[in-house]
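# Secondary and tertiary structure notes
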Amino acid sequence: MSILLTGGAGYIGSHTLTELINGGYDAVVMDNFSNSSPKALERVEELTGKKIRYYEADISDRNALEKIFSENDIREVINFASLKAVGESVEKPWEYYNNNIGGTLTLLDVMRRHGAKNFVFSSSATVYGDPAVIPITEECPKGTCTNPYGWTKWMLEQILIDMQKADNEWNMVILRYFNPIGAHPSGRIGENPNGRPNNLMPFITQVAVGKLPELGVFGNDYDTPDGTGVRDYLHVVDLARAHVKAIDKLRENPGCFICNLGTGQGYSVMELIKTFEEVNGVKIPYSIKPRRAGDIATCYCSPEKAEKELNWKAQFGIAEMCRDSWNWQKNNPDGY
Ligand code: NAD
Ligand code: UFG
């Protein structure tokens, strides 16, 4: 019995693959490598000592999916495959809706044809929009997204909920990630963005390694303690381990289970820069820039449901996140 990881060569997928294999689970990967490299899978082989079975294939490709499902005994799927660049999604909405929603619908159809009705979905805190309450609990109503990427998560959540309601053989675990950063402590796998990074931590590490001259801090006039944006950063290895728990959860036939994944602690942009500098002994030149369109002031979660019902709690703190992000970047300045 194997777990299929779509997008399993990506940042979160490769860490999850490592944790699953180390936990004794059997996994098979499919990825079209649109935002990743097969080298990540070689590194996972190195870390786990196990050969990785993988298919270079797209989740929109029904024939490829049929082949994967007929060659493997797959009962559960973790669907990481998605385009995820917020700005690009505004420029290319069709591509985002087609890849993320169209692709996932094809995947779900092939899954049900093969009686594999257990699904873990990578959702995002972005579905809360500008959150009505802080810390954000799962009861907090979904909000208005500011970009097509966010809407793909918002809409797919609804699709999964409706499918499970109509057919209770389905089990859907919807995980709303807050801000994953960090890398495997070995420094062998990590985040490898194409081109100029959009997110804060990869930008910081690229400044630290000298690939970018300085960081722009997007706004210092938010209603937060130091005026800069506050987020709930979590270590990618903790996040990966939450997916192992999600598989265990699926095996209890939960129906539809929705859960936030974060530490419950908010840190500002300035706090992250300061911690990164202190922990790693490097300077991050920065300057204050205007606010970025669509950004909110504060976003952190209540991690209580994850602790009580998923039996998961983040173990790593912000210092370890900064240490491991830098360890990855300095050992792999050009990624894989
Ligand atoms: P990533 O880009 O590193 O990984 C996604 C992987 O999916 C890549 O390897 C890419 O090549 C692959 N992929 C994309 N479209 C595909 C398709 N049609 N068929 C097959 N493979 C395809 O991104 P990540 O950070 O590892 O994110 C994983 C998931 O988590 C995504 O669904 C993302 O939207 C979600 N998520 C990420 C964050 C974050 O901050 N990283 C936050 C919330 C949610
Ligand atoms: N920031 C900067 N400079 C940068 C990049 C970011 O100051 O160069 C600031 C932002 O303004 C924000 C904070 O750093 O205050 C974090 O920004 P990120 O882009 O790293 O993360 P976001 O919280 O904006 O968005 C991320 C993902 C989204 C996802 C969301 C919620 O990019 O896809 O988390 O999970 F939807």
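Described in the following lines is the structure provided in the data block. For clarity, every value in this text was computed on a predicted model and none was experimentally measured.

This part covers the overall build of the protein. Tallying secondary structure elements over the protein gives 11 helices and 14 strands in all. For the protein, whose C-alpha radius of gyration is 19 Å, the value lies close to the compact-globule estimate of 20 Å for 336 residues. When its C-alpha atoms are laid out on the principal axes, the protein stretches across 55 × 45 × 40 Å. Expressed as a percentage of the 336 residues in the protein, the buried residues total 57%. Considering only residue pairs separated by 6 or more positions, the protein has 80% of its internal contacts joining residues 24 or more positions apart. Split by element, the accessible area of the protein, about 14,300 Å² in all, is 47% carbon and sulfur. Separation between the mean location of the 35 positive side-chain charges and that of the 43 negative ones in the protein comes to 2 Å.

Below, the discussion takes up the nonpolar core. Membership of the largest hydrophobic core comes to 41 residues, with the highest contact counts inside it found for Leu5, Leu17, Leu175 and Leu261. The set of elements that each furnish at least two residues to this core consists of β1 (2-6), α1 (11-22), β2 (27-31), α2 (38-48), β6 (171-177), α8 (236-250) and β11 (256-261). Broken down by element, this core gets its largest block of residues, 7 residues, from α8. Non-local contacts of leucine 5, meaning those with residues more than four positions away in its chain, are made with Gly13, Thr16, Leu17, Leu20, Ala27, Val28, Val29, Met30, Ile78 and Phe80. The next biggest cluster of nonpolar side chains, apart from the first, holds 28 residues, and it includes Ala57, Ala64, Leu156 and Met163.

Near ligand 1 lie 26 residues; those nearest to it are Asp31, Asn35, Ser36, Asn99 and Tyr149. With respect to ligand 1, the side chain of lysine 153 contributes an N or O atom lying 2.9 Å from an oxygen atom. When ligand 1 is considered free in solution it has 820 Å² of accessible area, and contact with the protein chains removes 95% of it. The element best represented in the shell around ligand 1 is strand β5 (residues 118-124), accounting for 3 residues. Across the shell around ligand 1, the residue classes break down as 11 nonpolar, 11 polar and 4 charged.

Taken together, 22 residues are adjacent to ligand 2, and Ser124, Asn199, Gly216, Arg231 and Asp295 come closest. Phenylalanine 178 places a polar main-chain atom, nitrogen or oxygen, 3.3 Å from an oxygen atom of ligand 2. A distance of 2.8 Å separates a nitrogen atom of ligand 2 from a polar backbone atom of glycine 216. Expressed as a share of its isolated accessible area of 680 Å², the protein-covered part of ligand 2 is 89%. Counting residues per element, the ones that place at least two in the shell around ligand 2 are α7 (200-208) and β8 (215-218). Sorting elements by how many residues they give to the shell around ligand 2 places β8 first, with 4 residues. Looking at side-chain class alone, the shell around ligand 2 contains 12 nonpolar, 7 polar and 3 charged residues.

On to the packing of α7 against helix α11 (residues 318-331), then. The interhelical angle for the contact between α7 and α11, taken along N-to-C directions, is 55 degrees, at an axis separation of 10 Å. As the angle between them shows, α7 and α11 are arranged oblique. The interaxial crossing formed by α7 with α11 has right-handed handedness. From α7, Met201, Pro202, Thr205, Gln206 and Ala208 reach across to α11, where they touch Cys322, Ser325, Trp326 and Gln329. Looking at the contact of α7 with α11 residue by residue, the class counts come to 5 nonpolar, 4 polar and no charged.

Another point: the sheet that holds strand β12 (residues 267-268). Spatially, the 3 strands line up as an open sheet ordered β12-β9-β14, and their pairing is mixed. In this open sheet, the two strands that pair with only one neighbour each are β12 and β14 (298-299). Examined bridge by bridge, strand β9 (residues 230-231) and β12 share 2 bridges and lie antiparallel to one another. Each bridged residue has a counterpart across the sheet, and for arginine 231 the counterpart in β12 is tyrosine 267.

Right, let's get into the packing of aromatic side chains. Tallied over the entire structure, the rule returns 5 aromatic pairs. Between the aromatic rings of tyrosine 128 and phenylalanine 178, the centroid separation amounts to 6.4 Å while the plane-to-plane angle is 35 degrees, which identifies the pairing as tilted. Of this pair, tyrosine 128 sits in the loop between β5 and α6 (148-166) while phenylalanine 178 sits in the loop between β6 and β7 (179-181), and the two are 50 residues apart along the sequence. Each member of the pair, tyrosine 128 together with phenylalanine 178, is buried. Relative to tryptophan 154, the ring of tryptophan 151 lies with its centre 5.4 Å away and its plane at 65 degrees, an arrangement referred to as edge-to-face. Of this pair, tryptophan 151 and tryptophan 154 both sit in helix α6, 3 residues apart, roughly one helical turn.

Criteria and thresholds
- Residues numbered from 1 in each chain as written.
- Chains lettered and ligands numbered in written order.
- Predicted model: local features only at pLDDT ≥ 70, side-chain atom pairs only at ≥ 80, totals over all residues.
- Heavy atoms only, no water.
- Helix = DSSP H or I, 4+ residues; strand = E, 2+ residues; numbered from the N terminus.
- Rg over C-alpha atoms; globule rule 2.2 N^0.38 Å.
- Buried < 20%, exposed > 50% of the residue type's maximum accessible area, 1.4 Å probe, protein only.
- Contact = heavy atoms within 4.5 Å.
- Areas by Shrake-Rupley, 256 points an atom, 1.4 Å probe, with all protein chains shown as cover.
- Lys, Arg positive; Asp, Glu negative; His and termini not counted.
- Charge placed at Lys NZ, Arg CZ, Asp CG, Glu CD.
- Core = buried A, V, L, I, M, F, W, Y, C linked by side-chain atoms within 4.5 Å.
- Near = heavy atom within 4 Å.
- Polar contact = N/O pair within 3.5 Å; in protein donor to acceptor, adjacent residues only side chain to side chain.
- Nonpolar A, V, L, I, M, F, W, Y, C, P; charged D, E, K, R; others polar.
- Axes fitted to C-alpha atoms, helices over the stretch in contact; angles between N-to-C directions.
- Parallel < 35°, antiparallel > 145°, perpendicular 65-115°, else oblique.
- Left-handed = near helix turned anticlockwise from the far one by under 90°.
- Pairing = 2+ DSSP bridges.
- Phe/Tyr/Trp six-rings, centres within 6.5 Å; stacked < 30°, edge-to-face > 60°.

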